[in-house]
Amino acid sequence: MAKLIIDRELCTECGECVDQCIYGALSLEDDGLTVDVEKCMLCGACEESCPNEAITIPDKKAVVQADRDSYHGIWIYAEQWEGEINEVAFELLNEGKRLAEKLGEDISAVLIGSGVKDKVAQLSGYGAGRVYLVDHQICKVPEEELYAKILSDLAETYKPKIILFGATALGRTLAPRLAARLGTGLTADCTVLDVDAEKGLLLQTRPAFGGNVMATILCPDVCPQMATVRPKVFSKGDSDAGRTCELITHDAALDRVKTKTRIKRVLPKDSDGEVRLEDAEVVVAGGAGCGSKEGFALVHQLAEALGGTVAATRPPVEEGWVDHGVQVGQTGKVIAPKLYIALGIAGAVQHAIGMQSADMIIAVNKDPDAAIFQLADIGIVGDMFEVVPQLIKQIKEKGLVVPTKQ
């Protein structure tokens, strides 16, 4: 078990390590530098920052993978449901191609399911140079324990350097199971990805501390490096139907796989015919500036006039004006519609993360200094209760063509 050791003879009590410890585990007391072992996460920041090399974590290097150089390639988990591949897989393939090019690696997709072999060409069209296919009746319904076992077998056999998942309901439960099996790290809900080509490291950036900072996280000691990425963070690019790929079929003895759970039946979710928020081309969102549930009704009215879908920031959800399913932002959904109209929204970074990729952003806010205007293509400084009824009137009288950036 690794532990932090302080060499009292070398320590000058300069306090540099205390400043670098984000967990507050280090402090300067009357008897010198002390460490709170319950708070210490053994991250190594203090060890790296100490100018006198007075702090060491001697057993930390024991976990470094000896054969790290034998890991190659970027894998995208191609999530599917009833034979339809989730759009986030294509988005990750597009971004993965960019990262793979910088690293000098190849890009592959992993497809697990039953009767899904015909989807290989689709993954190839979006850039997968290789597809690892597990096509078996037992895999018909995505089940985390089974899929994690299959993915760990694949990863241990073929040793990818990086594995990326969509931060979907399945991805958020499957990725941690796989990381635990492989003894590696995982960064959840990334909004930016990049690489350090020289060191072969994935730079995984995500909001931290309530969205007040953007943290870039590394996994320098073990492979594969893993991350989940929210849908709509990246564009999926264009498909090339003529592109081909290498197909590797994994012939695991799945009939003999033992798991603790089995999904017997999946109940369809009731649908009222509305367009899913993630798929909507026109979104009208309301924030705290709506004032009340009655005030939020204006958001619904404008959305209806435009044939759009309603969204909200966190305050309206917490107040009970709308359901959590329409929340956009760090703790909600990430969307990229053609048109996004923000009503009474201040524009905090926590919300901006969820909608800043929209083609066109129109903001209405009576505060001329609201942060939302930094994101908006068109900003209207005014009371939404005066502006929006006029918008609705004009839309009904003259119709509307949804604008897009040129």
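Everything discussed here concerns the structure shown above.
Everything in this summary refers to the structure shown in the same document. All chains use their own residue numbering, which begins from 1 and follows the written sequence. Given that the model is predicted, a residue must reach a pLDDT of at least 70 before its local features are reported, and side-chain atom pairs must reach 80 or more before they are shown or counted; all residues, however, enter totals for whole chains, interfaces and linings. Values shown for side chains rest on all heavy atoms present in the structure; no hydrogens or waters enter the calculation.

**Points about helix H3 (residues 87-103)**
Owing to its 3.6 residues per turn, the α-helix brings residues three or four apart onto one side. For the purposes of this entry, the term helix denotes a DSSP run of H or I that reaches at least four residues, the term strand denotes a run of E that reaches at least two, and both are numbered from the N terminus. For a helix, the expected span equals 1.5 Å multiplied by the number of residues minus one. With 17 residues, H3 ought to run about 24 Å at 1.5 Å a step, and its terminal C-alpha atoms sit 25 Å apart, in line with that. Accessible area is worked out with a 1.4 Å probe on protein chains only. A residue is then buried under 20% of its type maximum, exposed over 50%, and partly exposed in between. Within the sequence span of H3, burial applies to Val88, Ala89, Phe90, Glu91, Leu92, Leu93, Glu95, Gly96, Leu99, Ala100 and Leu103. One or two residues past the end of H3 sits Gly104, with phi positive at roughly 75°.

**Examining the packing of helix H7 (residues 293-306) against helix H11 (residues 384-398)**
It is the contact of H7 with H11, at a shortest axis distance of 10 Å, that shows an interaxial angle of 20°. If you check the angle between H7 and H11, you find them roughly parallel. Judged by the sense of rotation from one axis to the other, the crossing of H7 with H11 is left-handed. Residues Gly295, Leu298, Gln301, Leu302, Ala305 and Leu306 of H7 pack against Met384, Phe385, Val388, Pro389, Ile392 and Ile395 of H11. Lys, Arg, Asp and Glu make up the charged group, whereas Ala, Val, Leu, Ile, Met, Phe, Trp, Tyr, Cys and Pro make up the nonpolar group; the residues left over, Gly among them, are polar. Counted by class, the contact of H7 with H11 contains 10 nonpolar, 2 polar and no charged residues. Axis geometry follows a simple rule: fit a line to the C-alpha atoms, using only the stretch in contact for helices, then measure angles between N-to-C directions, giving values from 0 to 180 degrees. Under this scheme an angle from 65 to 115 degrees is roughly perpendicular, one under 35 degrees roughly parallel, and one over 145 degrees roughly antiparallel; angles in between are oblique. Crossing handedness follows the turn of the near helix against the far one: under a right angle anticlockwise gives a left-handed crossing, and clockwise gives a right-handed one. In what follows, residue pairs with any heavy atoms lying within 4.5 Å of each other are defined as contacts.

**A look at a negative patch on the surface**
Within the patch definition used here, like charges are joined within 9 Å and nonpolar side chains (Val, Leu, Ile, Met, Phe, Trp, Tyr) within 5 Å, considering only residues with over 30% relative accessible area and no salt bridge. For every accessible area listed, the method is Shrake-Rupley and the probe measures 1.4 Å; residues are considered covered only by the protein chains on display. The salt bridge criterion pairs a side-chain nitrogen of Lys or Arg with a carboxyl oxygen of Asp or Glu, the two atoms within 4 Å. Positive charges are assigned to Lys and Arg, negative charges to Asp and Glu, while His and the chain termini are left out of the count. By convention, charge coordinates are those of NZ in Lys, CZ in Arg, CG in Asp, or CD in Glu. A contiguous patch of negative charge on the surface is contributed by Glu13, Glu29, Asp30 and Asp31. Tracing the backbone shows Asp31 in the loop between strand S2 (26-29) and strand S3 (32-35). You can call Asp31 exposed: its relative accessible area is 62%.

**With respect to the pattern of salt bridges**
In the structure shown here, the tally under the stated rule is 15 salt bridges. Across the pair Lys236 and Glu87 runs a salt bridge whose closest N-O atoms are separated by 2.7 Å. Of this pair, Lys236 sits in the loop between strand S15 (225-229) and strand S16 (246-249) while Glu87 sits in helix H3, and the two are 149 residues apart along the sequence. Overall, the relative accessible area of 32% leaves Glu87 in the partly exposed class. Between Arg130 and Asp106 there is a salt bridge; the shortest N-O distance is 3.1 Å.

**What to know about helix H6 (residues 169-182)**
When the terminal C-alpha atoms of H6 are compared, their 21 Å separation across 14 residues agrees well with the 20 Å that a helix rising 1.5 Å per residue should span. Within H6, burial applies to Leu170, Gly171, Leu174, Ala175, Leu178, Ala179 and Leu182. Burial along H6 is one-sided: seen end-on, the buried residues are contained in an arc of 140°. Exposed residues lying more than 90 degrees from the buried face of H6 are Ala169 and Ala180. Downstream of H6 by one or two residues, Gly183 has phi in the positive range, about 65°. The directions considered for the arc run from the helix axis to the C-beta atoms.

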